[in-house]
Amino acid sequence: QRQSSEVRAKRDGDGAVVTSPADVSPGDSEYAAAVAQTAIALSVTGLFVVGLALVEGIEKAIEFCTAYLVEESLSVDNLFVFLLIFDYFQVPLANQGRVLSYGIFGSIVLRGLFIGLGAIALENFKPVLLIFAGVLFFSSGKLLTEWIGDEEEEDEDLSDNAIVKFAGGLFDSTDQYDAEDPSKFFTLEDGVRKATPLLLCLVVVELTDIVFAVDSVPAVFGVTEDPLLVFTSNMFAILGLRSLYTVLAKAAADLKYLEPAVAIILGFVGVKLGAEYFGMAVSNEASLGVIVTMLSGGIGLSLATKDADEDDEGASE
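Residues numbered from 1 in each chain as written. Predicted model: local features only at pLDDT ≥ 70, side-chain atom pairs only at ≥ 80, totals over all residues. Heavy atoms only, no water.

Thoughts on the pairing of strand β3 (residues 186–189)
Argument step 1. Two strands pair when backbone bridges link them, and β3 and strand β4 (residues 192–195) are joined in this way by four bridges, in the antiparallel orientation. By the bridge assignment, phenylalanine 186 is partnered in β4 with alanine 195. (Pairing = 2+ DSSP bridges. Helix = DSSP H or I, 4+ residues; strand = E, 2+ residues; numbered from the N terminus.)

What to know about the confidence of the model for the chain
Argument step 1. In this model, the chain carries a mean pLDDT of 81, and residues with pLDDT of at least 70 account for 82%.
Argument step 2. Of all secondary-structure elements in the chain, the lowest mean pLDDT belongs to strand β1 (residues 10–12), at 39, while β4 reaches the highest, 90.
Argument step 3. In this model residues 1–16 is a low-confidence stretch, pLDDT under 50, and it forms 49 contacts with partners more than four residues away in sequence or in other chains. (pLDDT = per-residue confidence, 0-100. Contact = heavy atoms within 4.5 Å.)

Let's talk about helix α8 (residues 258–277)
Argument step 1. The end-to-end C-alpha distance of α8 is 29 Å, a good match for the 28 Å that 20 residues give at a rise of 1.5 Å each.
Argument step 2. Phi turns positive one or two residues past the end of α8, at glycine 279, with a value near 85°. (Expected span 1.5 Å × (residues − 1).)

A word on the pattern of salt bridges
Argument step 1. Counted under the stated rule, the structure contains seven salt bridges.
Argument step 2. Residues joined by salt bridges that share partners form a network here, namely Glu71, Arg111 and Asp209. (Salt bridge = Lys/Arg side-chain N within 4 Å of Asp/Glu carboxyl O.)

A few points about unusual backbone geometry
Argument step 1. Even without glycine at this site, glutamine 90 takes up a positive phi of about 50°.
Argument step 2. Residue position: glutamine 90 is located in the loop between α2 (58–88) and α3 (93–124).
Argument step 3. In the Ramachandran plot, aspartate 190 falls in the positive-phi region, its phi being about 55° despite a non-glycine side chain.
Argument step 4. The residue aspartate 190 is located in the loop between β3 and β4 in this model.
Argument step 5. Judged by its relative accessible area of 77%, aspartate 190 falls in the exposed class. (Buried < 20%, exposed > 50% of the residue type's maximum accessible area, 1.4 Å probe, protein only.)

What about the side chain of glutamate 71?
Argument step 1. Structurally, glutamate 71 is set in helix α2.
Argument step 2. Once residues within four sequence positions are removed from consideration, glutamate 71 is found in contact with Arg111, Ser216, Ala219, Val220, Ser233, Asn234 and Ala237.

Describing the packing of helix α6 (residues 197–221) against α8
Argument step 1. Closest axis-to-axis distance for the α6/α8 pair is 9 Å, and the angle between their directions is 50°. The orientation of α6 relative to α8 falls into the category oblique. With respect to the hand of their crossing, α6 and α8 are arranged in left-handed fashion. Of α8, the residues touching α6 (which contributes Asp215, Pro218, Ala219 and Phe221) are Leu266, Val269 and Leu273.
Argument step 2. Across the contact of α6 with α8, the residue classes break down as six nonpolar, no polar and one charged. (Axes fitted to C-alpha atoms, helices over the stretch in contact; angles between N-to-C directions. Parallel < 35°, antiparallel > 145°, perpendicular 65-115°, else oblique. Left-handed = near helix turned anticlockwise from the far one by under 90°. Nonpolar A, V, L, I, M, F, W, Y, C, P; charged D, E, K, R; others polar.)

Quick notes on empty space enclosed by the protein
Argument step 1. Under the defined criterion, the tally for this structure stands at one cavity of 30 Å³ or more.
Argument step 2. In this structure, the largest cavity encloses a volume near 190 Å³.
Argument step 3. Lining the largest cavity are 17 residues, and of these Phe82, Ser107, Asp209, Ile238 and Leu241 sit closest to its centre.
Argument step 4. Put simply, the parts of the chain that give the lining of the largest cavity at least two residues each are α2, α3, α6 and α7 (227–249).
Argument step 5. Taken together, the residues that form the lining of the largest cavity break down as eight nonpolar, five polar and four charged. (1 Å grid on protein atoms, 1.4 Å probe; cavity = no way out; pocket = protein on both sides within 12 Å on 5 of 7 lines; lining within 4 Å. Points joined across faces, edges and corners; volume = space filled by probe spheres on them.)

Thoughts on the environment of serine 73
Argument step 1. Considering the arrangement of structural elements, one finds serine 73 in helix α2.
Argument step 2. Take serine 73: its relative accessible area is 4%, and that puts it in the buried class.
Argument step 3. Taking C-alpha positions, serine 73 is 8.4 Å from leucine 258, a pair spaced 185 residues apart along the chain.
Argument step 4. A polar contact is formed between the side chain of serine 73 and the backbone oxygen of valine 70, at a distance of 2.7 Å. (Polar contact = N/O pair within 3.5 Å; in protein donor to acceptor, adjacent residues only side chain to side chain.)

This is the structure we're talking about:
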């Protein structure tokens, strides 16, 4: 479940240990730093768009913006999974940035590889567009099905997750962090060197990103087949997620209509891919309009229903 639970702070024997950015107050230095990093990341992205428009033309800039929004929306949706993973492994908030930084490096390498293979496949085998479309239709349907059934199902137990089980079998591990330095990936337990939950969390994050790439890469190729735009939109979205992490985590539980909006976007891009294969082009302007409408609608409806729910709770009290 991508939004199956709101991650909260946990306590250990020494007192409160913050494990979720959702528990960081807007007045805290961590939150202020996250807002500043977010502003910088968005500014750099904006400068890239301006430079692209000046060098390559406005059409290329629109292509990039459309691809970037698709990738950023998928990255934000993936944030909910990362929150669950960090909560399951009880990763202290101070160490989550380290895991995300390593995860970003792995994502850049993996996405670059997948994008290169995708570009070669498209150049030599055009029917791969239909394969990409099928992947997006499947992902769209799966997201919608999970979202519709979310209220009826219990929170997912990650101990039964195949990726978590696989990661746990790779190392001789312990469920305790290093007592002197929780940021260490290994610790000594009874004289034996063992992997800490931080290393297992990192492995799970990296493996999960491979799963995410299965719908992410076809989605961006549905917007543009320019390898440069495909790669840069992925990179800016991934880097943006790192800076947005603390900010968006506070709103994660309230964005309940973001997931169906992302599902509709994936379905739309799938239709676009199929149409292009049969010679019917969908303009970049139209694509950008649909994506912006879906994202703004999902976020706006989420916030509106949140306010309505709060008003109802206030009235009942």
